[in-house]
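# Topology and contacts: notes
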Amino acid sequence: MEQTSGNTHIHRDDEASKIGMWLFIFTEMLLFGGLFIVYSIYRYLHPVAFELAAGELDVAVGTANTVILLISSMTIAMSITAMQKGNKKLTIALLGATLFLALAFLVNKYFEWGSKISHGLYPGSDRLHEFGHGDTLFFGLYYFMTGLHALHIIIGLVVIAFVMYRVHREMVHSTKFALLENTGLYWHLVDLIWIFLFPLFYLVT
Amino acid sequence: MSENHTRSVDEPSYLKYKGRYRGIFAWIFSTDHKRIGLLYLWSILTFFIVGAILGLLMKMELISPGKNIMGPQTYNGFFTLHGIIMIFLIVIPGLPAVFGNFFLPIMIGAKDVAFPRLNLTSWWLYLLGAFVVLTSQFTGGGPPDTGWTFYAPYSFQTPTNMLPAVTGAFILGFSSILTGLNFIVTIHRMRAPGMGWFKMPLFPWSLYATGWIQVIATPIVGVTLLMIIAERVLNIGFFNPALGGDPILYQHLFWIYSHPAVYIMILPAMGAISEIIPTFARKTIFGYKAIIVSTIAIAFVGYFVWGHHMFTSGMSGVALYTFSILTFLVAIPSAIKVFNWVSTMHKASIILKTPFYWAVSFIFVFMIGGFSGLVLGALATNVHLHDTHFVVAHFHFIVFGGTGFAFLGAMHYWFPKIFGRKYDAGWANIGWITFFIGFITLYVPMFYLGIAGMPRRYYDYVEVFHGGNIISSFGSIILIAGIAIVIANLVKSAISGEKADQNPWGGRTLEWEVPSPPPLENFDEIPHVTRGPYDYS
Amino acid sequence: MENNGKHHIVPYKTHITVLLGLIVLTALSVAVTSIELGPLTVTVALVLASAKALIVLIYFMHLKFDNIIYSIMVAFIIFSIVSIIVITFLDYLFR
């Protein structure tokens, strides 16, 4: 037979990739859903401590990061419009903007975590254990959930950079942009999770 | 189901075709769904032999009171490893990964699954996960001893080597999710023209429901296992009562996945049974839509019954009643299926062949397992029976009896299609009856031991339980003999059996319209489906 | 496949409007939660967050322009998450 590899039919189905991407997004939603269950149970069990501990976080930094992520969501959504209109330059520029905003988010996060850690507030620290159970759990969840979220940002950075390269090489173009679209979906998911993390950790004091 | 789509006979089958790679690489790097199905089959068979031997050794330990062949710590390690292997490596991938991979695309008239490379990735992740799990046995502080449930707080306090076991389970979860995702997309996008949702055979339907459970339940256990890892590494305190955490919350999160996991195991098994019975009854399946609806109902309601594993944990009364009622509700769709299978056989001129024997014995053991499940789902009896051998007998009837009988039934049903060869029917029947007798002898005494109060997970017991344990341990030897006969017969037939026809059983679903074994891309042209799946008129 | 490359193009202006809406909602939630509302704070914050999430889902994630099946699936997932949270709380609320 003329086959050269295990699978010969090059079968392109953008709709299938999109359903697959959505299903993946659902798994991510449930992954964080599990953490939101833990958060809500412990908040219910330790209401006062959670409110006081949330007061320790800097609302300004949290708000700045929220706005950064929202803008980055818009830039990547716009990059799809640009792609559909066949504007390669603008697509790359918008993806670059998304990349830059994602980095800005991480830098903010780095300084935020850094200052908390230098104050002795990190999982398993003695200072935290002195504060009591509610604070221990709040900061445990804070580091775990924002950490897992930051990990998703880092993965997003890599994927967006990869898509930029693909757009640059015209392997993703105005009639074949499922990859860009799915990356966009992933990036919006990261934004969605943050939309809930932000009020739960920074605002409800 | 449609006109004949047989390819020319001289075209090489999926077993024979030459790809880019040679030898074993032609298999482990193949993205062909049929080869991946067989990769899973061989991996699962290997792990099953290990898991079964562990089980046999535990039964030998329990043959008389006191220490026989192993001490308590070894026994703890054995039931943990037995559980992890059997649950995560065998029954969860089991039918979907082997028969789902092999037959889903063929049964819906497609050339492959939607994402062939992702499919291969799933298998590699499966292998990686298995490897990581097994390293826990040989490194660090010794084999994990928590049981496969990793209950907190013990799971982050035990000095044994938990990290690899938990990490491995996480990776295996990933593999399972990717398989489920792939199947859902395949079913949404790749059904042959004319095959509407309600012309799809029941095995694909069960895989569809299973896929959804895999996608929405597995992430919860994924994050829970991550939290256990964080707990061990960073001492965060999520489930540590000394730091304010709640161990019962761990149980909630664990069972939010692990109860639906039972349906990941049993739904495809029910799907396979729904294929076997109409073929041998030569009749359209009774209540095709009722079976579909009950499949979805089991998947859906089954997602909300996890608390019945925790009746003695100290949950609130309201939660207890809710979970108990929901548990009883989930029995209804299961009963509908049994009713439909029996009605299909009613007044049919049944052809008695090995797959049919497996199918009817499946119904038998599944009903015993299901009814004992109701005993456990009732709050009052549960208090008495929780953590006794009754529970062990119950879930082995469902998980091993249900999934195991269906798996071997499916194996005997589809064997001629997979390998293009017939198996020795005489030995197959001897294997089946030995397996069946061994199974009953092994697990029925456990019901009585459990009611009498013998707890699970102890290597020792008091003299009063001796009689039942002798019978049970004796049954385990018969069962192992049965397994050996079945495996030996199938392996031998796969190598040197007589050539099989395209359609040895007279089945009407699409997989019987391609050659045995099927060629690389199954169909020359995608068939146009005009009839329902079980049209025997 | 017939569906490849056939897409609704969302104009740039819509994206900007959506972003402005999201930022207004963010500002609103920061402002409202800084007032002492007692237990209402959590409710208000979550309602506003849900509104933002819906906007992102509908516009940025194209649910409005895609096949209805995606919206059904998303609704089903949200229902599942809410259900497991509610059922878990049946334990803790009445313990």
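Residues numbered from 1 in each chain as written. Chains lettered and ligands numbered in written order. Predicted model: local features only at pLDDT ≥ 70, side-chain atom pairs only at ≥ 80, totals over all residues. Heavy atoms only, no water.

Moving on, we get to the confidence of the model for chain C. With 93% of its residues at a pLDDT of 70 or more, chain C has an overall mean of 90. No element of chain C has a lower mean pLDDT than helix α2 (residues 40-60) of chain C, which averages 93, and none a higher one than helix α3 (residues 68-93) of chain C, which averages 95. (pLDDT = per-residue confidence, 0-100. Helix = DSSP H or I, 4+ residues; strand = E, 2+ residues; numbered from the N terminus.)

Attention now moves to the side chain of His 149 of chain A. Tracing the chain through its elements places His 149 of chain A in helix α6 (residues 133-168). Those residues in contact with His 149 of chain A, other than ones at most four positions away along the chain, are Phe 32, Leu 69, Phe 105, Val 190, Ile 193, Trp 194 and Leu 197 of chain A. (Contact = heavy atoms within 4.5 Å.)

This part covers unusual backbone geometry. With the exception of glycine, most residues fall at negative phi, and the peptide bonds are largely trans. Residues and elements named next belong to chain B. The omega angle of the peptide bond from Ala 152 to Pro 153 is 0°, so this bond is cis rather than trans. Relative to the assigned elements, Pro 153 resides in the loop between α5 (116-138) and α6 (154-157). Here the amide bond leading from Ser 516 into Pro 517 is cis, since omega sits at -15°, within 30 degrees of zero. Tracing the sequence through the fold places Pro 517 in the segment after α16 (466-496). For Asn 235, which is not a glycine, the phi torsion comes out positive at approximately 55°. Mapped onto the fold, Asn 235 is located in the loop between α8 (202-234) and α9 (247-281).

Before going further, it helps to examine α6 of chain A. An α-helical segment advances 3.6 residues per turn. Residues three or four places apart therefore align on the same side. When the terminal C-alpha atoms of α6 of chain A are compared, their 52 Å separation across 36 residues agrees well with the 52 Å that a helix rising 1.5 Å per residue should span. Glu 170 of chain A occupies a position one or two residues after α6 of chain A and carries a positive phi of about 60°. (Expected span 1.5 Å × (residues − 1).)

Residues and elements named next belong to chain B. Applying the stated criterion across every chain, the model contains four cavities of 30 Å³ or more. Space inside the largest cavity adds up to approximately 130 Å³. Lining of the largest cavity is provided by 14 residues; of these, Ile 92, Pro 93, Leu 172, Ser 175 and Ser 176 occupy positions nearest its centre. Those elements that provide at least two residues to the lining of the largest cavity are α4 (94-107) and α7 (162-189). When residues in the lining of the largest cavity are grouped by element, the largest group, five residues, is from α7. The computed volume of the second largest cavity comes to approximately 50 Å³. (1 Å grid on protein atoms, 1.4 Å probe; cavity = no way out; pocket = protein on both sides within 12 Å on 5 of 7 lines; lining within 4 Å. Points joined across faces, edges and corners; volume = space filled by probe spheres on them.)

One can find Ala 319 of chain B in helix α11 (residues 317-345). For the pair formed by Ala 319 of chain B and Ser 30 of chain B, sequence separation is 289 residues and the distance between their alpha carbons is 48 Å. In contact with Ala 319 of chain B, not counting residues within four places along its chain, are Leu 90 and Asp 91 of chain C.

A few words now on the interface of chain C and chain A. Between chain C and chain A, the contact holds 45 residues from the first and 49 residues from the second. Taken together, the two surfaces of chain C and chain A that pack against each other cover about 4,400 Å², and 77% of this comes from carbon and sulfur. Considering only the surface of chain C that becomes buried against chain A, Tyr 12, Met 61 and Tyr 70 of chain C emerge as the three largest contributors, covering 16% of it. The tally of links from chain C across to chain A stands at one salt bridge. The salt bridge partner of Asp 66 of chain C is Lys 18 of chain A, with a shortest N-O separation of 2.7 Å. (Buried area = accessible area lost by both parts, 1.4 Å probe. Salt bridge = Lys/Arg side-chain N within 4 Å of Asp/Glu carboxyl O.)

Checked against the element boundaries, Thr 218 of chain B lands in helix α8. What makes Thr 218 of chain B buried here is its relative accessible area of 2%. (Buried < 20%, exposed > 50% of the residue type's maximum accessible area, 1.4 Å probe, protein only.)

Turning our eyes to something else, we now look at the domain arrangement of chain C. Many analyses report the size of an interface as the accessible area lost when the parts associate. Residues and elements named next belong to chain C. Domain boundaries assigned for chain C yield domain 1 (10-64) and domain 2 (65-95). Placing the centre of domain 1 and that of domain 2 at their C-alpha centroids yields a distance of 20 Å. Across the domain 1 to domain 2 interface the summed buried area is about 580 Å²; carbon plus sulfur atoms make up 68%. When residues of domain 1 are sorted by the area they lose upon contact with domain 2, His 62, Leu 63 and Lys 64 head the list and together hold 70% of the total. On inspection of domain 1 and its partner domain 2, the count reaches zero salt bridges. Linking domain 1 with domain 2 are four residue pairs in polar contact (both at pLDDT 80 or more), by the criterion used here. Looking at the side of domain 1 that touches domain 2 residue by residue, the class counts come to five nonpolar, one polar and one charged. (Domains from an automatic or database assignment. Polar contact = N/O pair within 3.5 Å; in protein donor to acceptor, adjacent residues only side chain to side chain. Nonpolar A, V, L, I, M, F, W, Y, C, P; charged D, E, K, R; others polar.)

To continue, consider a nonpolar patch on the surface. Together, Tyr 44 and Leu 45 of chain A, Val 318 of chain B together with Leu 93 and Phe 94 of chain C make up an exposed nonpolar region whose accessible area comes to about 420 Å². Within the secondary structure layout, Phe 94 of chain C lies in the segment after α3. Of the residues examined, Phe 94 of chain C reaches a relative accessible area of 48% and is grouped as partly exposed. (Patch = residues over 30% accessible without salt bridge, like charges linked within 9 Å, V, L, I, M, F, W, Y side chains within 5 Å. Areas by Shrake-Rupley, 256 points an atom, 1.4 Å probe, with all protein chains shown as cover.)

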